[in-house]
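Now for the letters of each chain:
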Amino acid sequence: MSTANDQQVQQLRMEADALRAELDETNQGVLALYAELDQQAEQLREVSELKSRFLSYMSHEFRTPLGSILSMTRLLEDGMDGPLTDEQRRQVRFISASTSELREMVDDLLDLAKIEAGRITISPAWFDLMDLFSALRGMFRPLVEGDQLDLLFEDPPALPMLYTDDKKLAQILRNFISNALKFTPNGQVVVSARMQGEDSVRFSVRDTGIGIPADLQSTLFEDFVQVDTPLQKRLRGTGLGLSLCKRFAELLGGHVGVDSVVGEGSDFYVVLPYKLAEEAPRAEL
């Protein structure tokens, strides 16, 4: 009987040793996997940092010559070197418009690089919404005068003073308005604001343009996404504008969205707290 028990104990010890060896081997495999994942994560961080540096460097290097080109076109249009013929003036304006578009693309890339590197600055301050609407109205007035398109700013209901980064909010609304004007051949674009809940404000840019298919709306705010339409093919851009709007909104503690019906128009909106929380991200340049 004792011999049988000894054999059973010995068998159990052998099985325990085999299980322990198997666990040790598994642990070594897990440790090796973690080490490999850490290495890959570090490589991804390095690649992301290199990309951000490249975008930032490229953007800074492009801005100087683009500014020079714009200055030269303004001098030519003003007739500083003599009067231009109608055809020459048309060509100079084409150069100026193309350069301005390229500079906007460069600025978008620079903003993207700053955000990804955590170097974007948030500078909140108290301001009146009517002052912001007035500035935007003046900025876009030359683009719609004499056109078959109306740009309307609705008088907002009684709203409290806002405490957020008005420049980032203005950049979001400028992008929404610019897109609405591009994709609304005729009709109107309406900018409005109203309280949403007790502590947030919803800013809306509605248009009567071509609209966006439902299956494309979920990807609009991703990097480098553009709606594939005949009208889009005639308009240049980086596909970064709406993506930057989303990132700016998140930095300001809010979110963006869109409601759209093909053939009827779109409503792009951003919802922000009327008072930016003190703990909101504020990375330094």
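Conventions used here
- Residues numbered from 1 in each chain as written.
- Predicted model: local features only at pLDDT ≥ 70, side-chain atom pairs only at ≥ 80, totals over all residues.
- Heavy atoms only, no water.
- Helix = DSSP H or I, 4+ residues; strand = E, 2+ residues; numbered from the N terminus.
- Buried < 20%, exposed > 50% of the residue type's maximum accessible area, 1.4 Å probe, protein only.
- Contact = heavy atoms within 4.5 Å.
- Areas by Shrake-Rupley, 256 points an atom, 1.4 Å probe, with all protein chains shown as cover.
- Pairing = 2+ DSSP bridges.
- Axes fitted to C-alpha atoms, helices over the stretch in contact; angles between N-to-C directions.
- Parallel < 35°, antiparallel > 145°, perpendicular 65-115°, else oblique.
- Left-handed = near helix turned anticlockwise from the far one by under 90°.
- Nonpolar A, V, L, I, M, F, W, Y, C, P; charged D, E, K, R; others polar.
- Salt bridge = Lys/Arg side-chain N within 4 Å of Asp/Glu carboxyl O.
- Expected span 1.5 Å × (residues − 1).
- Polar contact = N/O pair within 3.5 Å; in protein donor to acceptor, adjacent residues only side chain to side chain.

1. Concerning the overall build of the protein
Per the secondary structure count, the protein includes seven helices and seven strands. Written out in order from the N terminus, the α and β elements of the protein read α-α-β-α-β-β-α-β-β-α-α-α-β-β. In the protein, which comprises 285 residues, the share counted as buried stands at 35%. Once local pairs closer than 6 in sequence are excluded, the contacts in the protein between residues at least 24 apart make up 73%. Of the roughly 17600 Å² of accessible surface on the protein, 53% is carried by carbon and sulfur atoms.

2. Digging into the sheet that holds strand 5 (residues 200–207)
One open sheet holds the five strands; their spatial order is 2-4-5-7-6, and the pairing between them is mixed. Since the sheet does not close on itself, it has two edges, and those belong to strand 2 (149–153) and strand 6 (255–261), each with one partner. The mean angle between the axes of side-by-side strands here comes to 15°, regardless of whether they run parallel or antiparallel. Strand direction decides the pairing type here: strand 5 and strand 7 (residues 265–273), joined by seven bridges, are antiparallel. Along strand 7, the bridge assignment pairs Arg202 with Val271. In the packing of helix 3 (residues 129–144) onto the sheet, the strands contacted are strand 2, strand 4 (187–196) and strand 5, and the crossing angle to strand 2 comes to about 170°.

3. Points about the environment of Tyr274
Locating Tyr274 in the fold gives a position in the segment after strand 7. Counting along the chain gives 72 residues from Tyr274 to Arg202, while the straight-line C-alpha distance between them is 9.4 Å. Beyond its immediate stretch of four places on either side in the chain, Tyr274 contacts Pro160, Met161, Leu162, Tyr163, Glu198, Asp199, Ser200 and Val201.

4. Observations concerning the packing of helix 3 against helix 4 (residues 166–182)
Contact geometry of helix 3 with helix 4 gives a least axis separation of 11 Å together with a crossing angle of 30°. Relative to helix 4, the element helix 3 lies roughly parallel. The crossing of helix 3 and helix 4 is right-handed. Here Leu132, Phe133, Leu136, Met139, Phe140 and Val144 of helix 3 come into contact with helix 4, specifically with Asp166, Leu169, Ala170, Leu173, Arg174, Ile177, Ser178 and Leu181. Residue classes in the contact of helix 3 with helix 4 are distributed as 11 nonpolar, one polar and two charged.

5. Looking at the pattern of salt bridges
Counting across every chain of the model gives six salt bridges. Between Arg206 and Glu154 there is a salt bridge, with its nearest N and O atoms 3.2 Å apart. Taken together, the positions of Arg206 in strand 5 and Glu154 in the loop between strand 2 and strand 3 (162–164) put the pair 52 residues apart, joining distant regions of the chain. Exposure remark for Glu154: the relative accessible area of 37% places this residue in the partly exposed category. Salt-bridge contacts for Asp165 lead to Lys168; the nearest nitrogen and oxygen are separated by 3.8 Å. Taking relative accessible area as the criterion, Asp165 reaches 3% and is therefore assigned buried. Through salt bridges with shared partners, a single network forms among Arg202, Asp259 and Asp267.

6. So, helix 4
Here helix 4 is 17 residues long and its end C-alpha atoms lie 24 Å apart, about the 24 Å a rise of 1.5 Å per residue gives. Where helix 4 is concerned, the buried positions are Lys168, Leu169, Ala170, Ile172, Leu173, Asn175, Phe176, Ile177, Ala180 and Leu181. The N-capping residue of helix 4, defined by a side-chain oxygen 3.0 Å from the backbone nitrogen of Lys167, is Asp165.

7. Details of the pairing of strand 7
Taking burial as the measure, the nine residues of strand 7 include nine buried ones, the bulk of the element. By the bridge criterion, seven bridges tie strand 6 to strand 7 in an arrangement that is antiparallel. Looking at the pairing, Asp259 lines up with Asp267 of strand 7.

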